[in-house]
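Chain by chain, the residues:
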Amino acid sequence: MTDRPVRVRFAPSPTGYFHVGGTRTALYNWVLARQQGGAFILRIEDTDEERNREEWVEGIYDAMRWVGLDWDELYRQSERKALYEAAAQQLEASGRAYWCECTRDDVDARAKERGGPPGYDGFCRDRGLRRGEGRALRFRTPDEGTTVVHDLIRGDVEFDNATIDDPVIVRSTGVPIFVLANVVDDADMRISHVIRSEEHLPTTPKHILLWEALGHGEPPLYAHPPVVVNEKRQKLSKRRDPVALELYRDEGYLPDVMLNYLALIGWSPPDHRERFTVEEMVREFSLDAVGKSPGFFDVKKLRAFNADSIRALPVDEFVAAVEPFAARLSWADRFDLERFRTVAPLVQERIEVLTEAAPMVDFLFLDEPEIDETSWAKTMNTDAISVLDAAATAWESIAWVPETIGEATLGIAEQLGVSRKKAQAPVRVAITGRTVGPPLWESLEILGRDVALARLRAARAKLG
RNA sequence: GCCCCCAUCGUCUAGCGGCCUAGGACACCGGCCUUUCACGCCGGCAGCACGGGUUCGAAUCCCGUUGGGGGUGCCA
């Protein structure tokens, strides 16, 4: 069984935004396939017609492409219904499945009445019902014995068959349920390893039982990596947590950083490095090195990784990466890529996500700096007037390069008997609008002497 | 309720019986550098959930307790 060719699948359902948790599951699958020279299959599990939407399917493709998880084969379950129907008929014919007309309310009511555990009680098991309106097909699970899940991450997990209810496998509408379609496809696609998140572990015995009932022999190898959780340690939810991968893409996270960080929730390379490329991961990944306990999705650490990677980017790549984000700015028409290129190295080491890049140097592109009120109030005191006047005078005749601009500006401090900080701050606010930003002397050089002097005068005028 | 999983600093983890006085990273707090911010460098805070075993020796193995999570759908 282990010498079967490696064929893995990632099987998302298009019922919402593409999830960071799902990205990690996809990554583990993809890495194993690439490492073993196997196939990575993308299977869209769109059997639930009520909840699926075509735009979510597109979202899956976009997200996978963004992080570079390319697939070798693509399937959609909505196009494979005949296969599931055939499997259902086979199970019915062999007596392993039966039609049931109980509604959810019936099942609940009976459970309550007998005071036992909730769940289906096998009411229609031997009623010999035929297919018909309002009837669903249930799989008859064994009443005795145990089913063992051999899990590559967790070891053997044993389930008592008596605790496994008969699951519905075909809805009364004729549409197959996840468990059926999933097993039929895994068999048909000759999947060797089923790697899916921990939440599926409790239903895995049903998959195995079904697999055997269908006569497929040895089931695939299973591996259930732990779930990714939020700060309250609950499974990330599309509803309450910011988990859409596209959210991170739009905020300016690098795709390789996403993969690196996500891989680290539950796995680390043999030498304990934290930063690695996908190539390195393909080389070193091993399922039995995947941890068992749930991991918190820590955006702060993600940001730190991202900042680090942005800094390490060759300048040209950094500039190219910023361009699409600049295009979304409210002042996008004023943005100039070549001018940005001149400050890019200075910006690069000061941001954590790409969306922060252009706004940090907006004053280089706008006609007038956008004044931050707090910064202004903090710096534009009575000393500021003499500082601004002195700067204007000093700047008139010097060579317009960072070194001399710096010398001249800091010279004001001595001349006026104020601290260097005090001399620099009002000038920075007059020029950039804020107390913090990229190195000022370099910024001034790019801005040019005329514009610089004009901004000094404008600020001076506002002070009266 | 029942079934299943999990348990090392706040967080992600290293550790797979002696190398542990428990290592790294993020976060946080100091300091240095410095035209602001950031980078960089130096330092600090902080953890084996609890109780029993097994063993010469346990963070590591076993049992129990507690805690957390997942499942229990005609969702996936």
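Counting restarts for each chain, with residues numbered from 1 along the sequence as it is written. A letter from A marks each chain and a number from 1 marks each ligand, given out in the order of writing. Since the coordinates come from a predicted model, pLDDT governs what is reported: local features require at least 70, and pairs of side-chain atoms require 80 or more to be given and counted, while whole-chain, interface and lining totals use all residues. Hydrogens and water molecules were not included; the side-chain quantities draw on all heavy atoms of the structure.

Caption draft 1: Fine view of the protein's contact with RNA strand B. Nearness is defined per residue: one heavy atom within 4 Å of the molecule or strand is enough. RNA strand B sits among 61 residues. The nearest are Arg51, Arg171, Glu274, Glu349 and Arg350. Counting only the atoms of RNA strand B within 4 Å of the protein, the fraction contributed by sugar and phosphate is 71%. Identification of polar contacts relies on pairs of N or O atoms within 3.5 Å, with a donor-acceptor requirement for protein atoms, meaning one able to donate a hydrogen and the other able to accept it, and with residues adjacent in sequence counted only if both atoms are side-chain atoms. Separating a base oxygen of RNA strand B from a backbone N or O atom of Pro439 is a distance of 3.2 Å. Counting from the N terminus, the helices are the DSSP runs of H or I reaching at least four residues and the strands are the DSSP runs of E reaching at least two. Elements represented by at least two residues in the surface near RNA strand B include exactly β5 (136-139), β7 (155-160), β12 (295-296), α10 (299-312), α17 (420-432) and α18 (440-447). Residues are sorted three ways: Asp, Glu, Lys and Arg are charged, Ala, Val, Leu, Ile, Met, Phe, Trp, Tyr, Cys and Pro are nonpolar, and all the rest, Gly among them, are polar. Looking at the surface near RNA strand B residue by residue, the classes come out as 22 nonpolar, 15 polar and 24 charged.

Caption draft 2: Quick peek at the pattern of salt bridges. Salt bridge, as used here, is a side-chain nitrogen of Lys or Arg placed within 4 Å of a carboxyl oxygen of Asp or Glu. All chains considered together, the criterion is met by 44 salt bridges. A salt bridge links Asp188 to Arg80, with the shortest nitrogen-to-oxygen separation between them at 2.8 Å. Linking Asp188 in helix α5 (residues 178-188) with Arg80 in the loop between β3 (73-76) and α3 (81-93), this pair joins segments that are 108 residues apart in sequence. A salt bridge links Arg303 to Glu352; the shortest N-O distance between them is 2.9 Å. Of this pair, Arg303 sits in helix α10 while Glu352 sits in the loop between α12 (337-348) and α13 (357-360), and the two are 49 residues apart along the sequence.

Caption draft 3: Quick peek at α3. For a helix, the expected span equals 1.5 Å multiplied by the residue count minus one. Taking 1.5 Å of rise per residue, 13 residues should cover 18 Å, and α3 covers 18 Å from first to last C-alpha, within 8% of that figure. For α3, the full list of buried residues reads Tyr84, Ala87, Ala88 and Leu91. An end-on view of α3 places all buried positions within 100° of arc, on one side of the element. With respect to the buried face of α3, the exposed residues turned more than 90 degrees away are Ala82 and Ala93. The contact criterion used throughout is that any non-hydrogen atoms of two residues lie within 4.5 Å. Looking at the buried side of α3, the elements it contacts are β4 (97-100), β5, β8 (168-170), α5 and α6 (204-213). Positive backbone phi, approximately 80°, marks Gly95, located one or two places after α3. Three exposure classes are used, based on accessible area relative to the maximum for each residue type with a 1.4 Å probe and protein chains only: buried under 20%, partly exposed in between, and exposed over 50%. This arc describes the spread of directions from the helix axis toward the C-beta atoms.

Caption draft 4: Molecular detail of the confidence of the model for chain A. Mean pLDDT for chain A: 94, with 100% of residues reaching 70 or above. Here the complex is predicted with pTM 0.94, and the ipTM for its interfaces comes to 0.95. Per-residue confidence from the prediction method is given by pLDDT, with values spanning 0 to 100.

Caption draft 5: Just the packing of helix α11 (residues 315-326) against α12, in detail. To obtain each axis, a line is fitted to C-alpha atoms, and for helices this fit is confined to the stretch in contact; angles are then taken between N-to-C directions over 0 to 180 degrees. Interaxial distance between α11 and α12 falls to 9 Å at its minimum, and their mutual angle equals 115°. Judged by the angle between their axes, α11 and α12 are roughly perpendicular. Between α11 and α12 lies a crossing of right-handed hand. In contact with Val315, Asp316, Phe318, Val319, Val322 and Glu323 of α11, α12 contributes Leu337, Phe340, Arg341, Ala344, Pro345, Val347 and Gln348. For classification purposes, angles smaller than 35 degrees are called roughly parallel, those larger than 145 roughly antiparallel, those between 65 and 115 roughly perpendicular, and all remaining angles oblique. By definition, any crossing whose near helix is turned counterclockwise from its far helix by less than a right angle is left-handed, and any crossing with a clockwise turn is right-handed.

Caption draft 6: Molecular detail of the state of the cysteines. Any two cysteine sulfur atoms within 2.5 Å of one another count as a disulfide. For the structure shown, the criterion picks out 0 disulfides. Of all cysteine sulfurs in the structure, the one in Cys124 sits closest to Cys102, which takes part in no disulfide; the separation is 3.5 Å. Taking the relative accessible area as the measure of exposure, Cys102 reaches 15% and is therefore buried.

Caption draft 7: Here's a closer look at the sheet that holds β8. Two strands form a pair only when DSSP identifies at least two bridges running between them. The strand order across the open sheet built from 3 strands is β4-β5-β8, with neighbouring strands paired in antiparallel fashion. On the outer flanks of this sheet lie β4 and β8, each paired with one strand and no other. Averaged over neighbouring strand pairs, the angle between their axes works out to 45° when direction is ignored. Across 2 bridges, β5 lies against β8 in antiparallel orientation. In the sheet register, Leu137 faces β8, and the bridge partner there is Val170.

Caption draft 8: View of the side chain of Asn230. Its place among the elements puts Asn230 in the loop between β11 (228-229) and α7 (245-251). A relative accessible area of 3% places Asn230 in the buried class. Here the side chain of Asn230 touches Lys232 through a polar contact of 2.9 Å, landing on its backbone nitrogen. For Asn230, the side chain forms a polar contact with the side chain of Asp241, separated by 3.2 Å. Residues in contact with Asn230, not counting those within four places in the same chain, are Leu236, Arg240, Asp241 and Phe296.

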